[in-house]
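# Structure at a glance
Spelled out, the chains give:
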Amino acid sequence: SAVISQKPSRDICQRGTSLTIQCQVDSQVTMMFWYRQQPGQSLTLIATANQGSEATYESGFVIDKFPISRPNLTFSTLTVSNMSPEDSSIYLCSVETDYGYTFGSGTRLTVV
Amino acid sequence: GDSVTQMEGPVTLSEEAFLTINCTYTATGYPSLFWYVQYPGEGLQLLLKATKADDKGSNKGFEATYRKETTSFHLEKGSVQVSDSAVYFCALKDYGQNFVFGPGTRLSVLP
């Protein structure tokens, strides 16, 4: 199955700033997915990123707040913009493989 | 829409005890079912999956059987270890749809 490298693994950021999270896959994949896991909760899909087209956002998430890039079939970034303490979460990327869905190790973001 | 319900945690067991974490689902189609595990400070790892009714997924001593008649996918392990302490997520994915995750069940295994 695919191996995902996600970074940074954690960060503490000041409110009002932005953080870009990177996700690198060791094989080419059509779709990449970005999830948010708020403290003590399950995963919520933010958006689906296809190479060569704009990301598709789920209800409650907008491109201005969570811009996504997908420059090629092995890489994607998620930016959390104009952060507030409510954005403190774990952010995970995911890809589909023949066996199932593989997740990155996550980025634990704390906004102070 | 599709949904997943899991037993509430936390679940605390002694080492070598038998584990069951209940999971039931509602779906309009015929989804694949998954169990993911999240160890402290880490991302999600696929534990096992089943793609059709009566399939049994198994891995690392964990098992779950896809029961269409009861819309369930309960996770079991005969003898848990301290290293099994983690949060377990039941999930489903219907064809052409996104993943739907349950709320997660935290398991603590005491030596």
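Residues numbered from 1 in each chain as written. Chains lettered and ligands numbered in written order. Predicted model: local features only at pLDDT ≥ 70, side-chain atom pairs only at ≥ 80, totals over all residues. Heavy atoms only, no water.

It is worth spelling out the overall build of chain B at this point. Of the regular secondary structure elements, chain B holds zero helices and 12 strands. Going residue by residue from the N terminus, the α and β elements of chain B occur as β-β-β-β-β-β-β-β-β-β-β-β. Here chain B has a C-alpha radius of gyration of 13 Å; the compact-globule value for 111 residues is 13 Å, and the two agree. Overall, chain B is about 40 × 25 × 20 Å in size when its C-alpha atoms are taken along their principal axes. Counting across all 111 residues of chain B, residues that qualify as buried make up 45%. Pairs at least 24 apart in sequence give 56% of the contacts found in chain B among residues at least 6 apart. Taken together, the 9 basic and 12 acidic charged side chains of chain B have centroids lying 6 Å from each other. (Helix = DSSP H or I, 4+ residues; strand = E, 2+ residues; numbered from the N terminus. Rg over C-alpha atoms; globule rule 2.2 N^0.38 Å. Buried < 20%, exposed > 50% of the residue type's maximum accessible area, 1.4 Å probe, protein only. Contact = heavy atoms within 4.5 Å. Lys, Arg positive; Asp, Glu negative; His and termini not counted. Charge placed at Lys NZ, Arg CZ, Asp CG, Glu CD.)

Moving on, we get to the pattern of salt bridges. Residue and element names in this part refer to chain B. Under the defined criterion, the tally for this structure stands at four salt bridges over all chains. Across the salt bridge formed by Lys52 and Asp55, the nearest N and O atoms sit 3.3 Å from each other. In this structure, Asp84 and Lys77 form a salt bridge, with 2.8 Å as the shortest nitrogen-oxygen distance. (Salt bridge = Lys/Arg side-chain N within 4 Å of Asp/Glu carboxyl O.)

Once that is clear, we can look at the pairing of strand β12 (residues 105-110) of chain B. All names here are of chain B. Only one face of β12 is buried: it carries Thr105, Leu107 and Val109, and the other face, with Arg106, Ser108 and Leu110, is open. Of the pairings in the sheet, the one linking strand β2 (residues 11-14) to β12 comprises four bridges and is parallel in character. Of the residues in β12, the one forming a bridge with Leu13 is Val109. Sheet topology note: the strand β10 (residues 86-93)/β12 ladder contains three bridges and is antiparallel. If you follow Ala86 over to β12, its bridge partner there is Leu107. (Pairing = 2+ DSSP bridges.)

Turning next to the state of the cysteines. Summed over the entire model, instances satisfying the criterion amount to two disulfides over all chains. Residue pairing for Cys23(A): its cysteine sulfur links by disulfide to Cys93(A), the two sulfurs lying 1.9 Å apart. A torsion of 65 degrees about the S-S bond marks the disulfide between Cys23(A) and Cys93(A) as right-handed. Taken as a pair, Cys23(A) in strand β3 (residues 19-25) and Cys93(A) in strand β9 (residues 89-96) lie far apart in primary sequence, 70 residues in all. With respect to burial, Cys23(A) and Cys93(A) carry one shared label: buried. Shown here is the disulfide that connects Cys23(B) with Cys90(B), its sulfur atoms set 1.9 Å apart. (Disulfide = S-S within 2.5 Å.)

Reports of interface size often rely on the accessible area that becomes lost once the parts have come together. Residue-level contacts link 18 residues of chain A with 17 residues of chain B. Carbon and sulfur atoms make up 56% of the area that chain A and chain B hide from each other, which totals about 1300 Å². At the junction of chain A with chain B, the criterion picks out zero salt bridges. Seen at the junction of chain A and chain B, the total is six residue pairs in polar contact (both at pLDDT 80 or more). Of all the elements in the fold, those that place two or more residues in the side of chain A that touches chain B are β4 (31-37), β5 (43-50), β9 and β10 (101-103) of chain A. It is β5(A) that provides the largest number of residues to the side of chain A that touches chain B, a total of three residues. (Buried area = accessible area lost by both parts, 1.4 Å probe. Polar contact = N/O pair within 3.5 Å; in protein donor to acceptor, adjacent residues only side chain to side chain.)

In this section: unusual backbone geometry. Between Lys7(A) and Pro8(A) the backbone carries a cis peptide bond, its omega angle lying at 0 degrees. Put simply, Gly9(B) and Pro10(B) share a cis peptide bond, and its omega is -5 degrees. Checked against the element boundaries, Pro10(B) lands in the loop between β1 (3-6) and β2. The phi angle at Asn82(A) is positive, at roughly 45 degrees, despite the residue not being glycine. Here Asn82(A) is to be found in the loop between β8 (75-80) and β9. Residue Asn82(A) is classed as exposed on the basis of its relative accessible area, which comes to 54%. Even without being a glycine, Glu16(B) presents a positive backbone phi close to 75 degrees. Locating Glu16(B) in the fold gives a position in the loop between β2 and β3 (19-21). Given the relative accessible area of 60%, Glu16(B) is considered exposed.

Let us now look at the side chain of Thr105(B). Residue and element names in this part refer to chain B. Assignment of secondary structure puts Thr105 in strand β12. The class for Thr105 is buried, based on a relative accessible area of 0%. Reaching out from Thr105, the side chain makes a polar contact with the side chain of Gln6 at a distance of 3.0 Å. Within the structure, the side chain of Thr105 is placed 2.8 Å from the backbone oxygen of Met7, a separation counted as a polar contact. Every residue in contact with Thr105, bar those within four places of it in the chain, is listed here: Gln6, Met7, Gly9, Val11, Ile21, Ala86, Val87 and Tyr88.

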